[in-house]
Structures are given as structure tokens and as C-alpha cells.
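# Observations on the three-dimensional arrangement
Residue strings, one per chain:
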Amino acid sequence: MGANTSQVSELSDNPSLKALVGTESISENDPFWNQLISFTFISPTSSGDSKLLEEAVIPLAKIFIENNPRTGNFGALVRIFLGRTKELKISTECQDQLFIWQAHNALFMIRCLLKVFIREMSEEELHLQFSYQERALGSCGGSEDLLEELLSNLVHLIVEVPLLDITYSILFEAVTTLLVFFSYQLFHKDILRDGIIYQHIMKGRCLSLTSRLVKTLLYNFIRQEKCPPPATHIFEPKAEGGLLYGLASGVASGLWSVFTLGGAGGKSGVDQEQNPLPLSNQSLLLLLVLANLTDGPDWPNPYRQAITCFRNTQDTSSLSVEQPHTFQINFNSLYTALCEQQRSDQATLLLYTLLHQNANMRTYMLSRTDMDNLVLPILEILYHVEERNSHHVYMALIILLILTEDDAFNRSIHEVVLKNVPWYTERSLTDISLGSLLILVVIRTIQFNMTRTRDKYLHTNCLAALANMSAQFRCLHQYAAQRIISLFALLSKKHNKVLEQATQSLRGRQADNTALPDYAQDLNVIEEVIRMMLEIINSCLSNSLHHNPNLVYALLYKRELFEQFRMHPSFQDIMQNLDTVIGFFSQRLEQAGTDLSVERVQEVIMKGAQALPSDRLKKFPELKFKYVEEDQPEDFFIPYVWSLVFNSGVGLHWSPHGIELFSMDSG
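Presented here is an overview of the structure given in this document.

Parameters and conventions
- Residues numbered from 1 in each chain as written.
- Predicted model: local features only at pLDDT ≥ 70, side-chain atom pairs only at ≥ 80, totals over all residues.
- Heavy atoms only, no water.
- Helix = DSSP H or I, 4+ residues; strand = E, 2+ residues; numbered from the N terminus.
- Buried < 20%, exposed > 50% of the residue type's maximum accessible area, 1.4 Å probe, protein only.
- Contact = heavy atoms within 4.5 Å.
- Areas by Shrake-Rupley, 256 points an atom, 1.4 Å probe, with all protein chains shown as cover.
- Core = buried A, V, L, I, M, F, W, Y, C linked by side-chain atoms within 4.5 Å.
- Axes fitted to C-alpha atoms, helices over the stretch in contact; angles between N-to-C directions.
- Parallel < 35°, antiparallel > 145°, perpendicular 65-115°, else oblique.
- Left-handed = near helix turned anticlockwise from the far one by under 90°.
- Nonpolar A, V, L, I, M, F, W, Y, C, P; charged D, E, K, R; others polar.

Moving on, we come to the overall build of the protein. Along the backbone of the protein there are 30 helices and 4 strands. Counting every position in the protein, which comprises 667 residues, the buried fraction comes to 56%. Residue pairs at least 24 apart in sequence account for 76% of intrachain contacts in the protein once pairs closer than 6 positions are excluded. For the protein, the accessible area works out to roughly 28700 Å², and carbon and sulfur atoms hold 50% of it.

This part is about the nonpolar core. In a soluble, globular protein the nonpolar side chains are often hidden away together inside. Counting residues in each nonpolar core, the largest one holds 222 residues, and the members touching the most others are Phe81, Leu126, Phe130, Phe181, Leu437, Ile484 and Phe562. With 13 residues, the top contributor of residues to this core is helix H6 (residues 97–120). Discounting chain neighbours no more than four positions away, the residues touching Phe562 are Ile485, Phe488, Leu534, Ile537, Leu555, Met575, Leu578 and Ile582.

All right, on to the packing of helix H21 (residues 390–403) against helix H30 (residues 634–648) then. It is the contact of H21 with H30, at a shortest axis distance of 11 Å, that shows an interaxial angle of 125°. Judged by the angle between their axes, H21 and H30 are oblique. The interaxial crossing formed by H21 with H30 has left-handed handedness. Facing H21, whose interface residues are His391, His392, Tyr394 and Met395, H30 presents Phe636, Phe637 and Tyr640. Residue composition of the contact of H21 with H30, by class: 5 nonpolar, 2 polar and no charged.

Where helix H18 (residues 345–357) contacts H30, the axes come no closer than 10 Å and their chain directions differ by 150°. Here H18 is positioned roughly antiparallel relative to H30, judged by the angle of their axes. Once H18 is placed against H30, the crossing between them reads as left-handed. In this structure, H18 uses Asp345, Gln346, Leu349 and Tyr352 to contact H30, whose residues at the interface are Phe637, Tyr640, Val641, Leu644 and Ser648. Taken together, the residues of the contact of H18 with H30 break down into 6 nonpolar, 2 polar and 1 charged.

What follows is the structure, given as C-alpha cells:
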């Protein structure tokens, strides 16, 4: 990029960059460095702009890879950054933008180069890129590990520098650079369980900052700070600052004067609308990456430990010595942020992580009296299942399953009455309980799954959540009751269709030997689901018949659906109670006369529910399902987390070529 230009395509011709990546070693004391990092810039926040930038950086970085072993200029650039950050906290307190500005620019350059280096070389080769400066003439490098020094410095920067308008950009860069360091995982199909960067982050100097880093990243997510307008975080010369103005006037001979990507130019408004919370988003992605690093052979992941055991600021009990990485955070603020941000995969994944792994946070959430603020966004995810990726839907279902393990939750959701549900567009819902809405949406998800994806695990988790709730079903809305029976009707239809196909194949001898087992397998799956639905209906009738006249009404209206299963060996036991209920209320309605109105039928049902002796219904074991992660959960979660980084990382673009961790369809 020329002295007064701002075109990315001209980067390769920029004299300062050519000198940096060239064949001559540059001393850290050379004025060149001050000139190099004195440019006005806003990091690109859109993937498109980041792609343009990376395409311009790649040829320069490849030249640098060839020349750096002789010049050590990359190590010198890292040391220049480290030198600027030593005064960063004091500079922030004094509102002195100079060090912040230059440190940001140096770190941005390091991050852009690292991103290419990581794609082009192994961790061992990357480590060498940091050490070559020691061999270069005129260097003043020490013997310490510069890679570990940089990692440690980035963590210190994130936890110690306060989040202000003037520090927003450098904090964003620090978080993003750590994400880039971990991006080696993208280029490996197998889960990385060791390595130089892994060792430094898990066991090195960063270890003592584990709880502070996790807490800071969580607070960045909680605060949801928008990217400040350009004028507040681009260095601007001020007349009263002679030295500051003098240094700034040298910008014209630096890297670039105004870089139009990401905010300073015409696209700023669009990019900030697309990514209004870049630091919040990036912090959450880094937190998820850290939390899902695998345990070592003889040490647990400290970041997962911190996420597992942190507590509420209102918890006055002493911190446990047995939990070395624990800390306290405001649960109310975290809960509010989680409720507000569930439209993103990463926020849903964080909610799952906290519910599943942090008992303190789970207890707090379940104690809230405004659970609708959390449950409604989860139900909206499921309602728009066609527009969501399968992982997001799966995590939303698991969250519901975990919540429904709690009996108090199952009772309370029927006490919350919603006046309207604007995103539920199939029909107008007024005065419906949160519990009935949950049933409607979950069953709708099952029906969608049966007709489209046919994912066994998805509908199994849906049914498990319904089963957990079934004993506590209260005052089901008529639509919820109808949906339960309509699902049973769909299952019955599918059962009969598969049965008919299997029978025809056997009679006609038209199917080959490999086709027959497929029918048996399909039939077995459908019958398992039918059995579960019958158990759910039975559980509701056995435990709260008098609370659910709408379900009895729907059951009687479609009573013929159940006839074929009365003598079926898989369902005979569970059908006894349904037969008792159907027979009892049918007799009551016959006694009430003919041509009964809907209101009269409901009246007969409500009176009959009070009169049916409870001992007439056979007791079955309580339906209770508990979510348990499968063995080696990292095989699912690490590719999922990195697909989120790949797709949602602000200002980060990776070419799909060479990505090994996941298929681009799943990413």
C-alpha cells in the first residue's frame, strides 16, 4: 500500500511492508518500526472484507516465511508489540491513545501474518519463526520463549486492560489473535490433544490467569458492548499534544493513512449493523474454544473447570480450595444476556454448557420466576427448524430435556400464561400456557423430523422431554391436546404403511433378502415411538386426569386410532388404562344423550374426571429421562465450535480449501 493510498490491492507494493518481509534484518531500535505501526485503521469486521485483506497478505506472508529465518523480523515485530503493551494499562488510565493505537496496529499485523503462517506450516515450524530473531544481526532478543511470551501477554491484556471506547479495538484484536492461534484445529481431521500452543495455554504461564480470563470473556458477552464509532477509537492528532501530533504527522510515510475496510470508509454502517457486537461475539467464541479443549493425560482442562464451578456474586460462602479456578460473577446479568442472545448458535451452546456443567448456574436458572424469557427463545429456534442448522436444533432440544428433568420446572411452566406468541404463525395463540406452547412446538419438531430428516436422536430427545413433563401436564390448551393426538395419528399411519409394504413384499416374493430387514427396522423404530407416545398419554391420564379435559376430549374424538393397538403384544399393557378412560367417558356421554354440543361434552368430561376412581387406572413406573453426554463428546463439540468460528468469527475468513475438521456442508 502506498503512502497515501487505501487500496488493499496495493499492499504488495508498500515500501514499509516490502522492507519488513524482505532480506534485510531491521533492528528493534530502528525508527522504521514507529513508522510501520503508525497508521489509522479499523479492523475489518465482515468476512468479505477480510477475504480481500487476506488475499493481499498471503503473497507477502509467503515471502516473509522464506526470509524471516535470516532476518528475524517477525520476532522483532512481536517484541515491538510487547514493548508497546508494557505501558498499555497506564496509557488507558491516562487516556493516552498513542500506545494503544500503536500496540493495536502491531498486533493486527501479527494476527494477519499468523493466520497465513498457521495454514502454511506446523506448530514446530511456527515456533521457529518466533526464535529466528535471536540469530539475526543487531537483534537484542533474549533466551525466553517468544511464542509463550506473546500468548501470556495477550491473556494479560484481555484480563487487565479495562473495556473502554479507546481500548475496544485492541481487546478485540487480542481475543481474535488467540482464536487464530488455536485455528490449527481447522486443518486437522483428528482432534488435537497436545501441541506447543496447547501446552502453553493449559500448563504454562497462562494457567494462573484461567479464572480471570474466563470471567472476562463472560463479562464481555454479558456487557454486549457495541463497537464504538470510528472517531472514538482511531488515533487522531490533537493540537495540544505536540509529541503526539509530531508522531502522527509521520503517518503519510507509514503503512496506510486511512484503511477503508470495516468502518472508516463507506461500508462502516453496513458492517456495524451486521456485526454490532464484535467483541462480545468473539469473546464467546474464544470461551467455547477454551472450554472444549481436551483434557490432558494427567490434568483436566482448567478452563472447563472454571466454567463448571463459578458462582453467583451473591453467594457469600467461602470459595472451595478444591476448586482452584473458581470465581464469582453476577448470575442475573449472565441470565439476562443468555435470554437476549439465543438467536445465535454460540449463545445456545453456552447456555447448554452452563446448564449441563455448572450446577450453581443450573440451580439459579431453575429458581427464576421468569423462565419464559429463557424458554421462549429456545422454542422459537425449534419453531423455525427449517431455517436452523441441525446442531442448533439439537442443542435447543437438549436444553429443554435438561430443564424438564426438574419437576418444579414442569409444574411452573403451566402456570405462566402467554397473551400472544407473535412468532407462532400457524394459528393465533392467545392465553396459552408456556407448558402447552412447549408441547406444541416439540411435537411440531417431531412431525417435521419424521417427514424430512428422520433423525432418530432428534425425536428421541423430543419424546424424552415430553415424557419428563407428562406427569405434570396441567390444563393443556386444546391445540396442545389435539397436537398430541395428531402425532399419534401420524405414527399410526406410518406404522400401517410400513406394515403393508412388508406384507406385500413377503407375499409377492418381490423383495430381495436385503430389503426385508429394512422393513423390520423401520417398523421397530415406529413402534418404539408409538409405545413412548402411549406412555406419555397414559402418564398424563394417570397423574392429572382431572386437570386435562381437553386431552380426554381429543382422545375420545379420535378413539378409533387406538383400536388396532389394543391387542398388539407391544402395547397391550399400556392400552389398558386408555381403554378404561375411553370406555368410562364414552359411557358417560351416552348417558348424557345425543346431539351434544361441544360445551356439553366438555362439561360431562370435567364432571366425569372427578368421578373416575384413581384405583381404576393401573400405575406404571414414572417416566424420567436424564441427559447424559455420549462418550468422547469432543468428537461432536470441537468440530461444532470450530464451524461456528469459521462461519461467525468477526473479521475472520478462511478459504474452505484445506479445512479438514468438518465437511463444508456441516460447517
